[in-house]
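A closer look at the structure
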Amino acid sequence: MPVSHARHNLQLNKRILSIVVFTFVCYLTIGLPLAVLPGFVHHTLGYNSVLAGLIISAQYFATLVSRPHAGRYADMLGPKRVVLFGLACCGMSGLFYALAWWNTAQPLLSLILLCIGRVLLGVGESFASTGSTLWGIGAVGSMHTARVISWNGVATYGAMAVGAPLGVWLNQQWGLAGVASVIVLAVAAAMLLASRKAPISVVAGNRIAFSAVVGRIWLYGLGLGFGTIGFGVIATFITLYYGDRGWEGAAFSLTLFSLGFVGIRLIFSNNINRYGGLKVSLVSFLIEIGGLLLIWGASTPLMVECGAFLTGAGFSLVFPALGVEAVKQVPVQNQGTALGLYSAFLDLGLGLTGPVAGLIINHAGITAIYLAAALTVAVAWLITLKLQLSRRLPPESGIS
């Protein structure tokens, strides 16, 4: 029986991986130019660092705006078409990067072309990643939703980890044109593979209104958005934190964060089905809070490293755990819309982290952002506790 069960798990994972590979390619196209474009805008085109940051942020804004639409179209047209469209947008972003590189003699035109590429990439991320998740769920069944979302997350962060250093190397060898070429080639291969895979049928039936979907999942999304802040302050500000203390080794802390994140996803994702997404989220948030408080009160780099690992481990299961519960709140034919809306809260949380944390740093110093992040994650814990308690209490209790 154990051998049969292990074989079944292996086959299940193979089916999931054959689809989340499209998420990997999508986020590879995001990771490749991430460390390259700011330098291109600032040094090659001659614009200031603020504008370089805005060019990077254009993608996040496009993702936030388009994410709910990606889920809705997946419900109507099927995930395969949505994935193909998303990948096409990712590939087109590479073409616009190449055009920007060819027009460096005209800085304003080059900058506009880059901006178009970033917007296309943001739309591509929404459609390819949301579509891949729904395609995977449809291929293996909704009872394996947590496993699909977990593998999707591993593909996401794995691709980003590979993409950033690869992009730097390609830029050193062939400039932005080299980065753009690899993006186009990777997307072309992924689209060929996706076009040959069998689609899943679109679920028929009446769909509830968009506003009704928002009403059913917004608390789950809010918990995710607040819980994301811990990830945001480490990914964005840990280097500045180390510099402020006069320490070295910030990159190692990011590595430990990633190891905690990926390790927990791979080892404990089945606990979501076993204990329920809300219970797993409650435990996860407490671990994340502990990690952030450890960084806030750290007196040595070792304490920061332990805190980063704990924060990554705590945040790891939050997205799939709350996501499983969110999609349960709507009919099957609305699950794409629910997942897209839910994911948008993550984009919103990351988008707000930078400016809000910047204000806190200006007024209270850089260590204060980790205390603020811990308090924000505590709000996420309280929201999740409310959801858990409302599930236990009878309807007449008045708690919903």
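Predicted model only: the values in this text are computed from it and were never measured.

Quick word on the overall build of the protein chain
Along the backbone of the protein chain there are 16 helices and 0 strands. What you see for the protein chain is a C-alpha radius of gyration of 21 Å, in line with the 21 Å of a compact globule of 400 residues. Taken along the three principal axes of its C-alpha coordinates, the protein chain extends 65 × 55 × 45 Å. Counting across all 400 residues of the protein chain, residues that qualify as buried make up 51%. Of the contacts made within the protein chain by residues no fewer than 6 positions apart, 84% connect residues no fewer than 24 positions apart. Split by element, the accessible area of the protein chain, about 17300 Å² in all, is 69% carbon and sulfur.

Describing helix H5 (residues 107-140)
Between its terminal C-alpha atoms H5 stretches 49 Å, which fits the 50 Å expected from 34 residues at 1.5 Å a residue. Within H5, 25 of the 34 residues are buried, leaving the element largely enclosed by the surrounding structure.

Observations concerning the nonpolar core
In terms of nonpolar packing, the biggest core is built from 56 residues, with Ile-217, Tyr-241, Val-304, Leu-322, Tyr-342 and Tyr-370 touching the most fellow members. No fewer than three residues from each of domain 1 (1-204) and domain 2 (206-391) sit in this core. Not counting the four nearest positions on each side in its chain, Tyr-342 is found in contact with Ile-217, Tyr-220, Gly-221, Leu-224, Val-318, Phe-319, Leu-322, Gly-323 and Ala-326. Of all hydrophobic cores here, the second largest spans 40 residues; its members include Ile-19, Tyr-27, Ile-30 and Ala-98.

Quick notes on a nonpolar patch on the surface
Together, Leu-259, Val-283, Ile-287, Phe-309 and Leu-310 line one region of the surface with nonpolar side chains, adding up to about 410 Å² of accessible area. For the nonpolar patch, the elements supplying multiple residues, two or more each, are helix H12 (277-296) and helix H13 (301-316). Turning to its location among the elements, Phe-309 is positioned in helix H13. Note on Phe-309: relative accessible area 37%, which makes it partly exposed.

A look at the domain arrangement of the protein chain
Here the protein chain is described as being made up of domain 1 (1-204) and domain 2 (206-391). Once you take the C-alpha centre of each, domain 1 and domain 2 turn out to be 22 Å apart. The interface is formed by 24 residues belonging to domain 1 together with 30 residues belonging to domain 2. Taken together, the two surfaces of domain 1 and domain 2 that pack against each other cover about 2300 Å², and 68% of this comes from carbon and sulfur.

Points about the packing of aromatic side chains
All told, the structure shown has 13 aromatic pairs when counted by the stated rule. Ring centres 6.4 Å apart and planes at 25 degrees place the aromatic pair Tyr-73 and Phe-127 in the stacked group. One end of the pair, Tyr-73, is in helix H3 (residues 49-77); the other, Phe-127, is in helix H5, and 54 residues separate them in sequence. Since its relative accessible area comes to 32%, Tyr-73 is described here as partly exposed. Arranged with centres 6.4 Å apart and planes meeting at 65 degrees, the rings of Tyr-241 and Tyr-242 form a pair that is edge-to-face. Residue class for Tyr-241 comes out buried when judged on its relative accessible area of 0%. What makes Tyr-242 buried here is its relative accessible area of 1%. One aromatic cluster in this structure is built from Phe-231, Phe-257, Phe-261 and Phe-315. Against the face of Tyr-73 rests Arg-72, its NZ or CZ located 5.1 Å from the ring centre.

Structural notes on the state of the cysteines
Taken as a whole and assessed by the stated rule, the structure comprises 0 disulfides. Between Cys-26, a cysteine without a disulfide, and Cys-90, which holds the nearest cysteine sulfur, the sulfur-to-sulfur distance is 4.1 Å. Just so you know, Cys-115 is unpaired, no disulfide at all, and the nearest cysteine sulfur is the one on Cys-89, 15 Å from it.

Observations concerning the pattern of salt bridges
Going through the model one piece at a time under the given rule, you end up with 3 salt bridges. Across the salt bridge formed by Glu-125 and Arg-67, the nearest N and O atoms sit 3.8 Å from each other. With Glu-125 in helix H5 and Arg-67 in helix H3, the pair connects residues that are 58 residues apart, well separated along the chain. By relative accessible area, which is 5% here, Arg-67 ends up buried. The partner of Lys-328 in a salt bridge is Glu-325, with the nearest N and O atoms 3.8 Å apart. Under the relative-accessibility criterion, Lys-328 is labelled exposed at 55%. On the accessibility criterion, Glu-325 (1% relative accessible area) is buried. What emerges from the salt-bridge pattern is a single network uniting Arg-67, Glu-125 and Asp-347.

Scoring rules and cut-offs
Residues numbered from 1 in each chain as written. Predicted model: local features only at pLDDT ≥ 70, side-chain atom pairs only at ≥ 80, totals over all residues. Heavy atoms only, no water. Helix = DSSP H or I, 4+ residues; strand = E, 2+ residues; numbered from the N terminus. Rg over C-alpha atoms; globule rule 2.2 N^0.38 Å. Buried < 20%, exposed > 50% of the residue type's maximum accessible area, 1.4 Å probe, protein only. Contact = heavy atoms within 4.5 Å. Areas by Shrake-Rupley, 256 points an atom, 1.4 Å probe, with all protein chains shown as cover. Expected span 1.5 Å × (residues − 1). Core = buried A, V, L, I, M, F, W, Y, C linked by side-chain atoms within 4.5 Å. Domains from an automatic or database assignment. Patch = residues over 30% accessible without salt bridge, like charges linked within 9 Å, V, L, I, M, F, W, Y side chains within 5 Å. Salt bridge = Lys/Arg side-chain N within 4 Å of Asp/Glu carboxyl O. Buried area = accessible area lost by both parts, 1.4 Å probe. Phe/Tyr/Trp six-rings, centres within 6.5 Å; stacked < 30°, edge-to-face > 60°. Lys NZ or Arg CZ within 6 Å of the ring centre and 35° of its normal. Disulfide = S-S within 2.5 Å.

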